[in-house]
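What the coordinates show
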Amino acid sequence: FTGQIPEDWTAQGGVGWDRTTQCATNQFRPRWIAVSPSGEHAFEVMPGYNWQLQGTQIQMNPCPTLDVRSVREFLEIISQRHPNARVIEYRDRPDLVKRSQPVVPNMRMRDEAGQIVIAYDHHGRDMRAILTASATFSELGGNIVGGVPVVYAQRAPRGELDGAIGERIMQSLQPDPTWMAEVQRVGMEVVQGLARRQREGIERWHAAEMAKINARGEMERSQIRMRTNAEVAQIYADTWASGQATDDRTHRRNL
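This text gives an overview of the structure that appears in the document. Per-chain numbering applies: the sequence of each chain, read as written, is numbered from 1 onward. Predicted model: local features are reported for residues with pLDDT of at least 70 only, side-chain atom pairs are reported and counted for 80 or more only, and whole-chain, interface and lining totals are derived from all residues. Hydrogens and water molecules were not included; the side-chain quantities draw on all heavy atoms of the structure.

A few points about the side chain of Thr21
Only DSSP runs of H or I reaching four residues or more are called helices, and only runs of E reaching two or more are called strands; each is numbered from the N terminus. If you trace the backbone, Thr21 turns up in the loop between β1 (10-17) and β2 (28-35). According to the relative accessible area criterion, Thr21 is buried, its value standing at 19%. For the purposes of these results, a polar contact is taken to be a pair of N or O atoms within 3.5 Å, where, inside protein, one atom must be able to donate a hydrogen and its partner to accept one; residues adjacent in sequence count only when each atom of the pair is a side-chain atom. At 3.1 Å, the side chain of Thr21 and the backbone nitrogen of Cys23 are in polar contact. Those residues in contact with Thr21 that lie beyond four places of it in its chain are Asn26 and Gln27. Type-normalised accessible area, obtained with a 1.4 Å probe on protein chains alone, sets the label of each residue: buried when under 20%, exposed when over 50%, and partly exposed for intermediate values. The contact rule is simple, with two residues in contact once any of their heavy atoms fall within 4.5 Å.

What follows is the structure, encoded as structure tokens:
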């Protein structure tokens, strides 16, 4: 992306990829920061997160389970990257909400955005930070999925935090459409690969179950054949024994 930062600030970072997770959207891990010469003022773009709402999760969805139902709850969790952080205030940011469109029929969508101001101690300095994010919650068939694309964070010492600087940087960020299209293509490949592996796994499970059923059926049919053969053999044995008894009686009578 491109963006505006104060001219004496320096920026570093980029996008990493976490291939250890099968949740496609959580593989995208942007980490970028612009810092003032003193290092005390900074603006960050941090990774977002996608999760299934606890209690509604389904096994086939590889995204993790989290009991977070709002963007505020999510931001409060993010604030704990500072062990001694405390939330000073929260406010909704309806101006940052981007209305999502359902990707399949019968899907319900809810979008929200907000920001919190936190205080924390950093090497003896009393610091302030603003954390901002938007979230989308989608529900389909009872399964609720939450997603936050990225988190914006601005920090400065107490009394020096100028929110207007962070707003200007945040509003100026413009992603490269060609690059974003490539990200979406890679994401679709991950999703399709997961679907293929799940389908193959189901097919292997089905084949194994059918093999068990067939083996069990063959064993039962073999047992039926054995019982039938035994019953037939017994019938003929009884018939032969009855015939022998009749022949014996006739022979004795003749004598």
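Quick word on the pattern of salt bridges
The term salt bridge refers to a pairing of a side-chain nitrogen on Lys or Arg with a carboxyl oxygen on Asp or Glu at a separation within 4 Å. Under the definition given, this model contains 12 salt bridges. Note that Arg158 is salt-bridged to Asp126, the shortest N-O span being 3.4 Å. One end of the pair, Arg158, is in the loop between β8 (143-157) and α2 (163-172); the other, Asp126, is in strand β7 (residues 125-140), with 32 residues separating them in the sequence. Classification of Arg158 as exposed rests on a relative accessible area of 56%. On the accessibility criterion, Asp126 (30% relative accessible area) is partly exposed. Ionic pairing is found between Arg185 and Glu189, a salt bridge with its closest N-O pair at 2.4 Å. Residue Arg185 and its partner Glu189 are both found in helix α3 (residues 177-254); the two are separated by four residues, about one turn of the helix. Arg185 gets classed as partly exposed once you look at its relative accessible area, which sits at 38%. Three or more residues joined by partner-sharing salt bridges are found here, namely Arg93, Asp95 and Glu167.

Things to note about the packing of aromatic side chains
Any aromatic ring pair is given by two values, namely how distant the centres are and how the planes are angled relative to each other. Aromatic rings from Phe, Tyr and Trp, with only the six-membered ring used for Trp, were paired whenever their centres fell within 6.5 Å, and each pair was classed as stacked if the ring planes differed by under 30 degrees, edge-to-face if by over 60, and tilted otherwise. Scanning the model with the defined rule gives seven aromatic pairs in all. Relative to Tyr152, the ring of Phe43 has its centre 6.0 Å away and its plane inclined at 25°; by these criteria the two rings are stacked. One end of the pair, Phe43, is in strand β3 (residues 42-53); the other, Tyr152, is in strand β8, and 109 residues separate them in sequence. Summarising the aromatic geometry, the rings of Trp51 and Phe74 are spaced 5.5 Å apart at their centres and angled 5° between planes, so their arrangement reads as stacked. One end of the pair, Trp51, is in strand β3; the other, Phe74, is in helix α1 (residues 71-79), and 23 residues separate them in sequence. Grouping aromatic residues by their ring pairs yields a cluster made of Tyr49, Trp51, Phe74 and Phe137. Arg110 extends its terminal NZ or CZ atom over the ring of Phe137, reaching a point 4.3 Å from the ring centre. Our definition puts a charge over a ring when NZ of Lys or CZ of Arg is within 6 Å of the ring centre and also within 35 degrees of the ring normal.

Focus: the state of the cysteines
Note on terminology: disulfide denotes any pair of cysteine sulfur atoms within 2.5 Å. Scanning all chains against the criterion turns up one disulfide. Note that Cys23 is cross-linked by a disulfide to Cys63, the S-S spacing being 2.0 Å. Residues Cys23 and Cys63 are joined by a disulfide whose S-S torsion is about 75°; by sign, that bridge is right-handed. Here Cys23, found in the loop between β1 and β2, pairs with Cys63, found in the loop between β3 and β4 (65-66); they are 40 residues apart in sequence, far enough to count as distant. In this structure, Cys23 and Cys63 share a single accessibility class: buried.

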